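Structure at a glance
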Amino acid sequence: MSDVVVPAGSTAPDPPLDCSARGCRAAAVWALRWNNPRIHDPRRRKTWLACTQHREYLGDFLRVRGFLREVAPLG
């Protein structure tokens, strides 16, 4: 493991966010917001992150179960 040196007075950049698909380490560019209406308050949102390749796959998984509420660009 290497140490990262950050100059005094500055902050380290945030690490990139990874896609939520199993085994995928690609950078996430989409936020899939969802909830399970049987166990979550209707206002609550959980978030899965997706790369471009897995956006449709993860969205379909949530949509089929009636969980998907919103898909938005991550930013």
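Let me sum up the structure you'll find in this document. (Residues numbered from 1 in each chain as written. Predicted model: local features only at pLDDT ≥ 70, side-chain atom pairs only at ≥ 80, totals over all residues. Heavy atoms only, no water.)

Right, let's talk about the overall build of the protein chain for a bit. Summing up its helical and strand segments, the protein chain has one helix and three strands in all. Going residue by residue from the N terminus, the α and β elements of the protein chain occur as β-β-α-β. Within the protein chain, the fraction of its 75 residues that count as buried is 27%. As displayed, the protein chain offers around 5,900 Å² of accessible surface, 54% of which is attributable to carbon and sulfur atoms. (Helix = DSSP H or I, 4+ residues; strand = E, 2+ residues; numbered from the N terminus. Buried < 20%, exposed > 50% of the residue type's maximum accessible area, 1.4 Å probe, protein only. Areas by Shrake-Rupley, 256 points an atom, 1.4 Å probe, with all protein chains shown as cover.)

On inspection of all chains with the given rule, the structure shows three salt bridges. Put simply, Glu-70 and Arg-33 hold a salt bridge, and the shortest N to O gap is 3.6 Å. Taken together, the residues Glu-70 in strand β3 (residues 68–73) and Arg-33 in strand β1 (residues 30–34) connect sequence positions 37 residues apart. Here Asp-41 ties to Arg-43 by a salt bridge, and the two come within 3.0 Å at their closest N and O atoms. Residue Asp-41 is classed as partly exposed on the basis of its relative accessible area of 36%. (Salt bridge = Lys/Arg side-chain N within 4 Å of Asp/Glu carboxyl O.)

What follows deals with helix α1 (residues 55–64). The α-helix advances 3.6 residues per turn, and as a result positions three or four apart in sequence lie on the same side. Listing the buried residues of α1 in full gives Leu-58, Gly-59 and Leu-62. The buried residues of α1 occupy one face: seen down the axis, they fall within an arc of 100°. Exposed residues on α1 whose side chains face more than 90 degrees from its buried face are Glu-56, Tyr-57 and Val-64. Against the buried residues of α1 lie β1, β2 (46–50) and β3. Gly-66 occupies a position one or two residues after α1 and carries a positive phi of about 75°. (Arc of directions from axis to C-beta. Contact = heavy atoms within 4.5 Å.)

What follows concerns the environment of Cys-51. In this fold, Cys-51 is placed in the loop between β2 and α1. For the pair Cys-51 and Leu-74, spaced 23 residues apart in sequence, the C-alpha separation works out to 9.8 Å. Not counting residues within four places of it along the chain, the set of residues in contact with Cys-51 comprises Cys-19, Cys-24, Ala-26, Ala-27, Ala-28, Val-29 and Trp-30.

The next thing to look at is the packing of aromatic side chains. Counted according to the given criterion, the structure contains three aromatic pairs. One aromatic cluster is present, formed by Trp-34, Trp-48, Phe-61 and Phe-67 through successive ring pairs. Sitting over the ring of Trp-30, Arg-55 keeps its end group 3.9 Å from the ring centre. The lysine or arginine in question, Arg-65, covers the ring of Phe-61, its NZ or CZ lying 3.6 Å from the ring centre. (Phe/Tyr/Trp six-rings, centres within 6.5 Å; stacked < 30°, edge-to-face > 60°. Lys NZ or Arg CZ within 6 Å of the ring centre and 35° of its normal.)

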